[in-house]
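Chain and residue survey
These are the residues of each chain, in order.
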Amino acid sequence: MLRAVGSLLRLGRGLTIRCGPGAPLEATRRPALALPPRGLPCYSSSGAPSNSGPQGHGEIHRVPTQRRPSQFDKKILLWTGRFKSMEEIPPRIPPEMIDTARNKARVKACYIMIGLTIIACFAVIVSAKRAVERHESLTSWNLAKKAKWREEAALAAQAKAK
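The protein chain is annotated in an unreviewed UniProt entry as FAM162B isoform 1 from Pongo abelii. Among the UniProt annotations of the protein chain, the heading Sequence similarities (unreviewed entry) holds the following wording: "Belongs to the UPF0389 family." Among the UniProt annotations of the protein chain, the heading Subcellular location (unreviewed entry) holds the following wording: "Membrane".

Written out as structure tokens, the structure is:
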């Protein structure tokens, strides 16, 4: 079907390859923002083909979309400082605003986790120094635990022998 209509392949830096119906491949040098070839439909933002003629050179039409934020999105918008209170948040906001707020919240959460990790490291260091002062170590705990298990096994064996 593409051969019947013709196709255009852009290879970056303005190099395009056009394959028309029944024609061999031909490489041409065109500007990077070339208009679509005639005969192929231009699609609007609604997805339906438009026959209004060629658009402006390199012109992009965007439909401003807005969405209703969820409660979680509202909390993120408040936490990142975009709005001061829940009442200030409009009923519809652009998705870019939500994405930006989520990214800021993600970075803040990472910084909080980094801080908590550093605090936990210092807590482990302090507890290890206290354990050294009490002459406790993992090896001594392990030996004591195994000695206790041996005693319990010996008592169980004596109970079976009786």
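1. So, the overall build of the protein chain
Counting its regular elements, the protein chain contains four helices and five strands. The helix and strand sequence of the protein chain, counted from the amino end, reads α-β-β-β-β-β-α-α-α. Counting all 162 residues of the protein chain, 12% fall into the buried class. In the protein chain, 31% of the contacts between residues at least 6 apart in sequence involve partners at least 24 apart. When the accessible area of the protein chain is evaluated, it comes to approximately 13500 Å², of which 62% is carbon and sulfur surface.

2. A short note on a nonpolar patch on the surface
On the surface, V107, Y111, I114, I118, F122 and I125 cluster together to form a nonpolar patch covering roughly 620 Å² of accessible area. By the secondary structure assignment, I118 is in helix α3 (residues 95–133). Given a relative accessible area of 44%, I118 falls into the partly exposed group.

3. Section: the packing of aromatic side chains
Per the counting criterion, the structure on display carries zero aromatic pairs. Across from the ring centre of F83, 5.7 Å away, lies the NZ or CZ of R82, which sits over that ring. Its guanidinium or amino end placed over the ring of W79, K108 lies 5.3 Å from that ring's centre, counting from NZ or CZ.

4. Observations concerning the UniProt feature "transmembrane region" (unreviewed entry) in the protein chain
Mapped onto this numbering, the UniProt entry annotates "transmembrane region" (unreviewed entry) at residues 109–128. Span residues 109–128 is 100% helix and 0% strand, its end C-alpha atoms 28 Å apart.

5. Overview of the nonpolar core
In terms of nonpolar packing, the biggest core is built from nine residues, these being I76, L77, F83, I89, I93, M97, I98, A101 and A105. Among the secondary structure elements, those contributing two or more residues to this core are α2 (71–79) and α3. Here the element with the most residues in this core is α3; it accounts for four residues. Those residues in contact with A105 that lie beyond four places of it in its chain are I76, W79 and T80.

Rules used throughout
- Residues numbered from 1 in each chain as written.
- Predicted model: local features only at pLDDT ≥ 70, side-chain atom pairs only at ≥ 80, totals over all residues.
- Heavy atoms only, no water.
- UniProt positions renumbered as here; feature names shortened; annotations may be inferred.
- Helix = DSSP H or I, 4+ residues; strand = E, 2+ residues; numbered from the N terminus.
- Buried < 20%, exposed > 50% of the residue type's maximum accessible area, 1.4 Å probe, protein only.
- Contact = heavy atoms within 4.5 Å.
- Areas by Shrake-Rupley, 256 points an atom, 1.4 Å probe, with all protein chains shown as cover.
- Patch = residues over 30% accessible without salt bridge, like charges linked within 9 Å, V, L, I, M, F, W, Y side chains within 5 Å.
- Salt bridge = Lys/Arg side-chain N within 4 Å of Asp/Glu carboxyl O.
- Phe/Tyr/Trp six-rings, centres within 6.5 Å; stacked < 30°, edge-to-face > 60°.
- Lys NZ or Arg CZ within 6 Å of the ring centre and 35° of its normal.
- Core = buried A, V, L, I, M, F, W, Y, C linked by side-chain atoms within 4.5 Å.

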